[in-house]
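Structure assessment
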Amino acid sequence: MIHVFDREGDITEVFDKVRQLQHTGVLVRAAHNRSLDQNCERLWAKMEAQPISFKQEIELRETSKRSARRATLVVRFCPVNLRTPYHFDGF
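These lines cover the structure that appears in this document, whether it is placed above or below. Along each chain, residues carry numbers from 1 onward, in the same order as the chain's sequence is written. Thresholds applied to this predicted model are a pLDDT of at least 70 for local features of residues and 80 or more for the giving and counting of side-chain atom pairs; totals over whole chains, interfaces and linings are not thresholded and use all residues. Only hydrogens and water are set aside when side-chain values are computed; all heavy atoms of the structure are taken into account.

Our next topic: the overall build of the protein. Starting at the N terminus, helices and strands are each numbered in turn, a helix being any DSSP run of H or I of at least four residues and a strand any DSSP run of E of at least two. Helix and strand counts for the protein stand at two helices and four strands. Moving toward the C terminus, one meets the helices and strands of the protein in the order β-α-β-α-β-β. Taken over the C-alpha atoms alone, the protein extends approximately 50 × 25 × 25 Å along its principal axes. The buried label goes to any residue with under 20% of its type's maximum accessible area, the exposed label to any with over 50%, and the partly exposed label to all in between, with areas taken from a 1.4 Å probe on protein chains only. Put simply, the protein has 91 residues, and 16% of those count as buried. Contacts in the protein between residues far apart in sequence, at least 24 positions, make up 33% of those at least 6 positions apart. Note on areas: these come from Shrake-Rupley sampling with a 1.4 Å probe, and a residue is covered only by the protein chains present in the view. When the accessible area of the protein is evaluated, it comes to approximately 7,500 Å², of which 53% is carbon and sulfur surface. Residues are treated as being in contact if the distance between any of their heavy atoms lies within 4.5 Å.

Here it is in structure tokens:
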């Protein structure tokens, strides 16, 4: 089973619960530049190093907070292991 979350699902407690389940994974649109494993590598740098799998220009309509503009959507992905936050060590 794969759980799919938008940025609101980028929460350590969610990852911890999913990790406890068998035959389960998680796909998250990340909101935080998390540490990977026990080294100093960070998520954003890892993702920038991945090949672009999909790219498309899209038109964004004007809203009360921004003017209309053209944006480029780029999709990159890869499996990662996140560093367990210190308050979860020992679990």
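Additional details are given in the paragraphs that follow.
Think of an α-helix as 3.6 residues a turn; residues three or four steps apart then line up on the same face. Turning to helix α1 (residues 12-19), its buried residues are Thr12, Phe15, Asp16 and Val18. Projected onto a plane normal to the axis of α1, the buried residues spread over an arc of 165° and lie on a single side. Residues of α1 that are buried sit in contact with β1 (2-5) and β2 (25-28). The arc under discussion is defined with respect to the helix axis, by the directions toward the C-beta atoms.

Quick look at the layout of surface pockets now. Computed over the protein atoms alone on a 1 Å grid, cavities are sets of points where a 1.4 Å probe fits but cannot get out and pockets are open sets with protein on both sides within 12 Å along at least five of seven lines; a residue lines them when it has an atom within 4 Å of a point. Grid points are joined across faces, edges and corners, and a volume is the space filled by probe spheres set on the points. Approximately 1,500 Å³ is the volume attributed to the largest pocket. In this structure, the largest pocket is lined by 40 residues; those nearest its centre are Val28, Ala30, Leu43, Val80 and Leu82. Among the secondary structure elements, those contributing two or more residues to the lining of the largest pocket are β1, α1, β2, α2 (43-48) and β4 (69-75). Broken down by element, the lining of the largest pocket gets its largest block of residues, five residues, from α1. Split by residue class, the lining of the largest pocket holds 23 nonpolar, eight polar and nine charged. Residues are sorted three ways: Asp, Glu, Lys and Arg are charged, Ala, Val, Leu, Ile, Met, Phe, Trp, Tyr, Cys and Pro are nonpolar, and all the rest, Gly among them, are polar.

What follows deals with the pattern of salt bridges. Counted as salt bridges are all cases of a side-chain nitrogen of Lys or Arg within 4 Å of a carboxyl oxygen of Asp or Glu. Following the criterion strictly, the structure yields four salt bridges and no others. Of the charged contacts, one joins Glu48 and Arg76 as a salt bridge, the two residues approaching to 3.9 Å between their closest N and O atoms. Note that Glu48 is positioned in helix α2 and Arg76 in the segment after β4, a separation of 28 residues in sequence. Under the relative-accessibility criterion, Glu48 is labelled exposed at 57%. Owing to a relative accessible area of 27%, Arg76 belongs among the partly exposed residues under this scheme. Between Glu57 and Arg70 there is a salt bridge, and its shortest N-O distance comes to 2.9 Å. Linking Glu57 in strand β3 (residues 54-60) with Arg70 in strand β4, this pair joins segments that are 13 residues apart in sequence. Judged by relative accessible area, which is 52%, Arg70 ranks as exposed. Among the ionic contacts, a cluster of salt bridges with common partners joins Glu57, Glu59 and Arg70.

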